[in-house]
Amino acid sequence: MAEGLARAAALVQAARDVVVFTGAGISTESGIPDFRSPGGLWSRFDPRQFTFDKFVASAEARRLYWEMGREVGPVLRRAEPNAGHHAIARMMAAGKVSCVITQNIDGLHQKAGCAAEKVIELHGTAHRVGCLSCTKEWPREEIEGWVEGGVADPRCDACGGMLKPRTISFGQAMPQHETALAFERAAACDLLLTVGTSLVVYPAASLAPAAKQAGARLVIVNLEPTDYDEIADAVVHAKAGEALPRLYT
């Protein structure tokens, strides 16, 4: 790890505009399990039951969704940023990192001190619930209170529309503005730092080759090898909380 870490640190130090792209691996260190890992939610709930189409078509699917949500919500609220999140926030405060693109829905980058307007949430946020028919929103905890009180299929109190956390579900379209902005920023930076992502979920995984094709350097920090290690300028196989504080001082 030492050689890759030294190379990565030198590249980060030399860069003028670093964009950070994070995945589930950075948040597992904060106690948020990866849904896909053994023991994760998808080993206990069938992900095929939680597609967006089923959510909008079936009251029973929505009931199951909120049942699962009652388990997820408290975990997300209790989670605290780890050393990796804090290292990214320090680099942003120093002007080294211009923005963070994240697949995570936990809000831990903002909680660590990253400016909200500089965090692009590709998969939305789990901390807000919105009506699918109008623009009204609520804090997630408030709607979970409704569910705890016996409301199995919560509805908007303004228009009667279905309520859903502001996250992207299986089969739901990616947010056009955030996705376009992410690729724009990746193409404009001079270094893309990917952290805690296996780079297999598309279209987000395409950010790595897109940045390289635009002339940026690519640094990958991930416990396991990725399909893009071969084109990276530096690869660090380590936990985010161990590696990131050593990349920029």
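Quick note: structure is the one above.
Residues numbered from 1 in each chain as written. Predicted model: local features only at pLDDT ≥ 70, side-chain atom pairs only at ≥ 80, totals over all residues. Heavy atoms only, no water.

**Observations concerning the overall build of the protein**
Working step 1: The secondary structure content of the protein amounts to 10 helices and nine strands.
Working step 2: Its C-alpha atoms give the protein a radius of gyration of 19 Å, near enough to 18 Å, the size a compact globule of 249 residues would have.
Working step 3: Structurally, the protein occupies a C-alpha span of about 55 × 35 × 30 Å along its principal axes.
Working step 4: Put simply, of all contacts in the protein between residues at least 6 apart along the chain, 68% involve residues at least 24 apart.
Working step 5: Working note: accessible area of the protein is about 11400 Å², and carbon and sulfur atoms make up 52% of it. (Helix = DSSP H or I, 4+ residues; strand = E, 2+ residues; numbered from the N terminus. Rg over C-alpha atoms; globule rule 2.2 N^0.38 Å. Contact = heavy atoms within 4.5 Å. Areas by Shrake-Rupley, 256 points an atom, 1.4 Å probe, with all protein chains shown as cover.)

**Here we look at the pattern of salt bridges**
Working step 1: Counted according to the given criterion, the structure contains 14 salt bridges.
Working step 2: Here Arg16 and Asp190 are joined by a salt bridge, their closest N and O atoms 3.7 Å apart. In this pair, Arg16 is assigned in the loop between α1 (2-14) and β1 (18-22) and Asp190 in the loop between α8 (176-188) and β7 (191-195), connecting sequence segments 174 residues apart.
Working step 3: Note on Asp190: relative accessible area 18%, which makes it buried.
Working step 4: The partner of Glu148 in a salt bridge is Arg70, with the nearest N and O atoms 3.1 Å apart. Pair noted here: Glu148 is in helix α7 (residues 140-148) and Arg70 is in helix α4 (residues 59-78), with a separation of 78 residues, a long-range link. (Salt bridge = Lys/Arg side-chain N within 4 Å of Asp/Glu carboxyl O. Buried < 20%, exposed > 50% of the residue type's maximum accessible area, 1.4 Å probe, protein only.)

**Details of the pairing of strand β4 (residues 124-131)**
Working step 1: Most of β4 sits out of view: six of its eight residues are buried.
Working step 2: Examined bridge by bridge, β4 and strand β6 (residues 163-167) share four bridges and lie antiparallel to one another. Within β6, the residue paired with Gly124 across the bridge is Thr167.
Working step 3: Here β4 runs beside strand β5 (residues 137-139); their pairing, made up of three bridges, is antiparallel. (Pairing = 2+ DSSP bridges.)

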